[in-house]
Amino acid sequence: MTGNPVRFCGLQLEHRIINASGTFDPIAASRAFGNDVITSLPFSAFVSKTVTVEPRQGNPPPRLWELPSGMMNSIGLPNKGLVRWVEEDLPILSRMKIPLIANVMGFERDQFSTLVEALGGKAEISALELNVSCPNVETGTIIGSDPFECGQLVSAMRLLTDSPLIVKITPNASDPAAVAISAEAAGADAISLINTVRGLALDPVSRRPWLGGRTGGISGPAIRAASLAQVDAVCSQVKIPVIAMGGVSSGKDAADLIDCGATLVAVGTENFRDPMAAERIRTELESISLVP
Amino acid sequence: MTGNPVRFCGLQLEHRIINASGTFDPIAASRAFGNDVITSLPFSAFVSKTVTVEPRQGNPPPRLWELPSGMMNSIGLPNKGLVRWVEEDLPILSRMKIPLIANVMGFERDQFSTLVEALGGKAEISALELNVSCPNVETGTIIGSDPFECGQLVSAMRLLTDSPLIVKITPNASDPAAVAISAEAAGADAISLINTVRGLALDPVSRRPWLGGRTGGISGPAIRAASLAQVDAVCSQVKIPVIAMGGVSSGKDAADLIDCGATLVAVGTENFRDPMAAERIRTELESISLVP
Amino acid sequence: MSPTSDRPIAPFGRRAVPVDSVRRIGPYTLIEITDLAAPTAKAGQFHMLATESNWGGTSGGRPFLARAISFISSNGEGRFGFLLHTVGPGTERLADVNVGDNLLVVGPLGNGFSDPSEQLRPILIGGGIGAAPVLAMADQLTAAGRDYEVILGFRDASHAELASERPNCRVVTDDGSTGRHGTVLDELQILIDSLEPSQQVELLACGPPGMLEAVRTFASAEGLEAQLALETPMACGYGACFGCVVPTKSGYVRACVDGPVFMASQLDRVFADGPL
Amino acid sequence: MSPTSDRPIAPFGRRAVPVDSVRRIGPYTLIEITDLAAPTAKAGQFHMLATESNWGGTSGGRPFLARAISFISSNGEGRFGFLLHTVGPGTERLADVNVGDNLLVVGPLGNGFSDPSEQLRPILIGGGIGAAPVLAMADQLTAAGRDYEVILGFRDASHAELASERPNCRVVTDDGSTGRHGTVLDELQILIDSLEPSQQVELLACGPPGMLEAVRTFASAEGLEAQLALETPMACGYGACFGCVVPTKSGYVRACVDGPVFMASQLDRVFADGPL
Ligand SMILES: Cc1cc2nc3c(=O)[nH]c(=O)nc-3n(C[C@H](O)[C@H](O)[C@H](O)COP(=O)(O)OP(=O)(O)OC[C@H]3O[C@@H](n4cnc5c(N)ncnc54)[C@H](O)[C@@H]3O)c2cc1C
Ligand SMILES: Cc1cc2nc3c(=O)[nH]c(=O)nc-3n(C[C@H](O)[C@H](O)[C@H](O)COP(=O)(O)OP(=O)(O)OC[C@H]3O[C@@H](n4cnc5c(N)ncnc54)[C@H](O)[C@@H]3O)c2cc1C
Ligand SMILES: Cc1cc2nc3c(=O)[nH]c(=O)nc-3n(C[C@H](O)[C@H](O)[C@H](O)COP(=O)(O)O)c2cc1C
Ligand SMILES: Cc1cc2nc3c(=O)[nH]c(=O)nc-3n(C[C@H](O)[C@H](O)[C@H](O)COP(=O)(O)O)c2cc1C
Ligand code: FES
Ligand code: FES
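Residues numbered from 1 in each chain as written. Chains lettered and ligands numbered in written order. Predicted model: local features only at pLDDT ≥ 70, side-chain atom pairs only at ≥ 80, totals over all residues. Heavy atoms only, no water.

1. Looking at the nonpolar core
Across soluble globular proteins, nonpolar side chains have a tendency to be buried as a group. Our working rule: For this analysis, a nonpolar core means a set of buried residues of the types Ala, Val, Leu, Ile, Met, Phe, Trp, Tyr and Cys, connected via side-chain atoms within 4.5 Å. When a residue's accessible area, from a 1.4 Å probe over protein chains only, is under 20% of the maximum for its type it is buried; when over 50% it is exposed; and in between it is partly exposed. Going along the chain from the N terminus, every DSSP run of H or I of four or more residues is numbered as a helix, and every run of E of two or more is numbered as a strand. How far each domain reaches was decided by an automatic or database domain assignment. Pairs of residues are marked as contacts when any of their non-hydrogen atoms sit within 4.5 Å.
With 183 residues, the main nonpolar core has Val 167 and Ile 191 of chain B together with Leu 203 and Leu 228 of chain C as its most contacted residues. Here the element with the most residues in this core is helix α2 (residues 131-143) of chain C; it accounts for eight residues. Here this core gathers at least three residues from each of two domains, domain 1 (15-109) and domain 2 (121-266) of chain C. In this structure, Val 167 of chain B is in contact with Leu 130, Val 132, Cys 150, Val 154, Ala 183, Ala 188, Ala 190, Ile 191 and Ser 192 of chain B, ignoring residues within four places of it in sequence. Of all hydrophobic cores here, the second largest spans 182 residues; its members include Trp 210 of chain A together with Ala 132, Ala 138 and Ala 160 of chain D.

See the structure below:
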């Protein structure tokens, strides 16, 4: 049943498994595994790594720290910036046989507007995912953890595009469901969660923070149960579809999220352990009968 | 150096390792391991399981779910209630050779008052730990995740007792440091964190929530990095001492928390795997030279 | 609450104990350790067991907690046998040990079976892996010079291989592939019918919840004493976590310190783990 | 960015491959697999390796991610040798495999060393475990009928046992317990001084950051070509995570797809992992 096509924001997707933003780069993968990768991704839609208006180098290394049953990263959203991403990457990504979802983030409202206006209209892009894990530069609040701020942003973006708007919320919030409700009310077409959980690790030798960005984001199985609770809470409060992620490494994990109400499931960290993890997860998922 | 006595809220403690509330029961342990346990606990102070005004049965079983590198519980604060705890347990616990910290929780302000008034004056009790993970029954907000609510509660309790007041805050908050700052401003003597992280697990067979309490609290190494980030954030914002906990299973883990500014470190889930874990952790900690 | 209070006192803390022997018995694995720090234990008590190495890696970060395992044999001098039925990552890892590997051991824990009163003839009933504490109790009764009966129920002949390790067990199987075709309750009825009417009995049982509930109902209907050894997931095994509670007539009680053996009369029904 | 673009294409996905042999060489462990799905790989490329069982359990839930390991040998028909230096839970678990155990393998990945131009005499320099890709390159040059020099530096004689596996290595040790007492840089200077002045050389090096930085400084001062194989923790190995970046003159680049081999001239300095 889950192998059957599924509708999501007006798109007809072949199955329920997509990638989590920032955890698969088809262009780099094609250098390692050959050009066929671009047209044979194990996902039913592809979500880009976060694109920002300006190019970003990302955080200084080290950027990785391994955890019990997971990892922590402080990548810092390196990307080419809007202009070069559209010029250089978009033409390659548009060769994929699956819909492309562009994940974008601004450090202020205007930057979000620039991104949404530039990408919302593009034929190669099927939907926009707003990464709202950034602080509002004026108020200091993390937009994604404050229902009001998040609603404001989504309302403003809603006026700028007819493209489906997916809002990716952060787990580092007192009440993620309240943020999702606010995003829905402001016109979001879907919610995606969870982003990484804030964490810290010290260098065993110097006893100072290990990661170049000081704190990092936890991902992988260590956050799976927390993700399921948040997805469950959000799905029970909003009517729009939900893309669920967080530690998915098996069909059972995906089935849990779908049973809690998710429409799509995104695979993140598990891609690192196996570039074809999504294919295995989809196959395992198909053998599990979901709650009707 | 860490083997040396440490001052905490006016108490002189032999070392920095205590237990986390609800993860060690000296009375039950003495049935399993003999009466000497009461006087030979591996902690430098003992924190009771949460005491409420009324007796509580706790949540229906199942109450446990194992996670990758951790566990989830929905115990539901079973306890004898204030009166029987004072009558039956307190005389036994006062035989311990270490200070007793009573952890209390109310479902409304008045209940907290009752508990603080009843226990604050007792000679056997060296400090009170307020577990503020409960919702405010009027506003629905979780007191421990809302700086204003938490401050209000602490202000009110501060008027009722001279006993040291430790506020145990929840990790399920957008900004735990803001809650800690507010508790400090309201007169708290120490902050303790983190409580368990909200999670959910589905029964692989029935596909419904496994735990009798539906959601549960995640503990153990899976939350260690998240705990360290929150402890670091809180310690950099408050001047009062901090009791840090969350996934501590080695001296290295304890040292990390102390290097981030914690005064005491509490061992929780690791007690389950080894009743004497705290002794091993303390010994390991003593062999690590902390940042001066 | 506990049937007995003269329980052995376990060493405080966890210790590493090497595995002496590993043997397959049908689908089960029998591992033996010599734990010189352990007191003489009572049948029906259990240990919390983990392996020192590779605990946690087999199946995505699990097992994490130690696993409660009753002993099937003990020689009073620290030698304990544990019978494993592999149902998940914990029992799989335990059953995968080699001679010389270290187990991490806490215990013996829990109350154990009470000695049946002299006037009553003990009937021991084990279902599947529940045979382990029952056979330990059989040894204990033998050592005490008591007479008793043992009924063991298994899924099939392969599982029932365990019974051939011990003399004089009455064996039933679900599929009739060996022993009598039927349930332990059928056999219990046959056994009781065969006893002199004046012979009073006491039941001591361990097995799956459905079997224990059937024993409880039977005992209650017939007015028999019955001790039931329950199994429920445990995090600590020594009363620290309150995770192992079972519903009794006097509310939720911790199976690890107030059990795992309960008088049938303490229970309204036998709790089966899983969502209610 | 990459010294070469004719890189072998790895199968898309992870595969289970059994271990053929395990052998200790001093403190190192050499394991061999036969991976029939693999293309002919280039020296300096690496694989992401994990074990199929017990990955994650040895040390509190780690290792979780696969580990990047260069091959020390490959026969062009799927047989790869990996040399392991145990520094933490991942390399410990990999070094602990038995013949017949499955590895989970992704690769070969990365760019590998470029063929040194015919006019230049290749000098291969390996420090410690960095000898692995260097020896693979030596084999590759031998197969191509090229002449070359190999300098290997080790902590002591026990580590230097590795060198006795190969003929004609110039060995130095930190403690002088075998080979010349000194650093690979000392040996490099001696070697270059011994060459005819007209003989131009190209350096190909792998080793700890301090050694590579010394090679880079030397090459830059002497105006020599140098290829440096960097080591940096990796999560994915195929460009997905952006976790493995190293600072270069053109900014942060991913060592797994744009490296791990870099021209010394691309770098301002060799990045040493750890907090800045
Ligand atoms: C007092 C006592 C004595 C016992 N004696 C023995 C004995 O002698 N021999 C023996 O073999 N067994 C014995 N058991 C049972 C044994 O403890 C369990 O079978 C064991 O804990 C299961 O662990 P596992 O990892 O193998 O399986 P698990 O994966 O823990 O699965 C066991 C069951 O737990 C549930 N489950 C599945 N996933 C999870 C999860 N993530 N978290 C929590 N629960 C989950 C499911 O219902 C599953 O069927 C005894 C238990 C008790 C309480
Ligand atoms: C291209 C390439 C080729 C390589 N080739 C080889 C080879 O042929 N043979 C070989 O033996 N090695 C090789 N390495 C190195 C090898 O990948 C690392 O030694 C290995 O990943 C270490 O893993 P570990 O679990 O053993 O040690 P870790 O515990 O990961 O420790 C290694 C270092 O990481 C840091 N560290 C400690 N704890 C953590 C943590 N929790 N998270 C993150 N970092 C931590 C510390 O600095 C520590 O010294 C290669 C690396 C690269 C990039
Ligand atoms: C290395 C890494 C990079 C990531 N980059 C991004 C990003 O650019 N934008 C974004 O919205 N999320 C990013 N994420 C978060 C993931 O999309 C996902 O929300 C999170 O990792 C949880 O899923 P997982 O546990 O399956 O990895 C990143 C995660 C990782 C591990
Ligand atoms: C089984 C269990 C019961 C707990 N009961 C309480 C409690 O009664 N009161 C409380 O404040 N915290 C309670 N906690 C939370 C712990 O005190 C601690 O904050 C948390 O478990 C994180 O530490 P750890 O990872 O070391 O276990 C409980 C935790 C567990 C696992
Ligand atoms: S298992 Fe922890 S209280 Fe019983
Ligand atoms: S290791 Fe992931 S991008 Fe290089």
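2. A short note on the site of ligand 3
Selection criterion: A molecule or strand has a residue near it when one of that residue's heavy atoms lies within 4 Å. Think of a polar contact as two N or O atoms within 3.5 Å of one another; within protein, one of them needs to be a possible hydrogen donor and the other a possible acceptor, and neighboring residues in sequence only count if both atoms come from side chains. For the accessible areas, the method is Shrake-Rupley and the probe is 1.4 Å, while residue cover comes only from the protein chains on display.
Ligand 3 sits among 25 residues. The nearest are Ser 21, Thr 50, Lys 168, Gly 247 and Thr 269 of chain A. At the site occupied by ligand 3, the surrounding residues belong to chains A and D. Take Ser 21 of chain A: an N or O atom from its main chain is 2.7 Å from an oxygen atom of ligand 3. Taking 600 Å² as the accessible area of ligand 3 by itself, protein coverage stands at 98%.

3. Notes on the domain arrangement of chain C
Residues and elements named next belong to chain C. Which entries qualify depends on this criterion: What gets called buried area is simply the loss in accessible area from a 1.4 Å probe that two parts show on being joined, summed for both. For salt bridges, the criterion is a side-chain nitrogen of Lys or Arg within 4 Å of an Asp or Glu carboxyl oxygen. Each residue is assigned to one class: nonpolar for Ala, Val, Leu, Ile, Met, Phe, Trp, Tyr, Cys and Pro, charged for Asp, Glu, Lys and Arg, and polar for all the others, Gly among them.
If you check the domain split of chain C, you get domain 1 (15-109) and domain 2 (121-266). Spacing between the C-alpha centres of domain 1 and domain 2 amounts to 21 Å. Tallying the contact residues gives 22 residues for domain 1 and 25 residues for domain 2. Both faces considered, domain 1 and domain 2 share a buried interface measuring about 1900 Å² in area, 67% of it formed by carbon and sulfur atoms. The largest per-residue losses of area from domain 1 upon contact with domain 2 belong to Tyr 28, Ala 43 and Ile 72, which jointly make up 27% of the total buried on that side. Counting across the domain 1 and domain 2 interface gives one salt bridge. In this assembly, domain 1 and domain 2 are joined by five residue pairs in polar contact (both at pLDDT 80 or more). In terms of residue count, strand β4 (residues 67-74) provides more of the side of domain 1 that touches domain 2 than any other element does, five residues in total. When its residues are assigned to classes, the side of domain 1 that touches domain 2 shows 15 nonpolar, five polar and two charged.

4. Concerning the interface of chain A and chain D
Taken together, the contacts link 44 residues of chain A with 41 residues of chain D. At the boundary of chain A with chain D, total buried surface from both sides reaches about 3600 Å², with 63% on carbon and sulfur atoms. Across the contact surface, chain A and chain D share five salt bridges. The residue Arg 31 of chain A makes a salt bridge to Asp 258 of chain D at a minimum N-O spacing of 2.9 Å. Run the count over chain A and chain D and you get 13 residue pairs in polar contact (both at pLDDT 80 or more). Sorting the residues of the side of chain A that touches chain D by element identifies α1 (26-33), β5 (64-67), β6 (70-73) and α8 (269-273) of chain A as the ones contributing at least two each. It is α1 of chain A that contributes the most residues to the side of chain A that touches chain D, five residues altogether. Residue classes in the side of chain A that touches chain D are distributed as 22 nonpolar, 12 polar and 10 charged.

5. Section: the site of ligand 4
Near ligand 4 there are 25 residues, and of these Ser 21, Thr 50, Lys 168, Gly 247 and Thr 269 of chain B occur at the shortest range. Site remark: ligand 4 is flanked by residues from chains B and C. Thr 50 of chain B has a polar side-chain atom sitting 2.6 Å from a nitrogen atom of ligand 4. Within the backbone of Gly 220 of chain B, an N or O atom sits 2.8 Å from an oxygen atom of ligand 4. Look at ligand 4: alone it shows 600 Å² of surface, and the protein chains cover 98% of it.

6. Some points on the packing of helix α7 (residues 251-259) of chain B against helix α9 (residues 277-286) of chain B
All names here are of chain B. Convention followed: Between N-to-C directions, angles span 0 to 180 degrees; the directions come from axes that are lines fitted to C-alpha atoms, helices contributing only their stretch in contact. Each crossing gets its hand from how the near helix is turned against the far one by less than a right angle, where anticlockwise is left-handed and clockwise is right-handed.
Running from N to C, α7 and α9 cross one another at 65°; their axes reach a closest spacing of 7 Å. Handedness of the crossing formed by α7 with α9: right-handed. In this structure, α7 uses Gly 251, Ala 254, Ala 255 and Ile 258 to contact α9, whose residues at the interface are Ile 281, Glu 284 and Leu 285. Across the contact of α7 with α9, the residue classes tally to five nonpolar, one polar and one charged.

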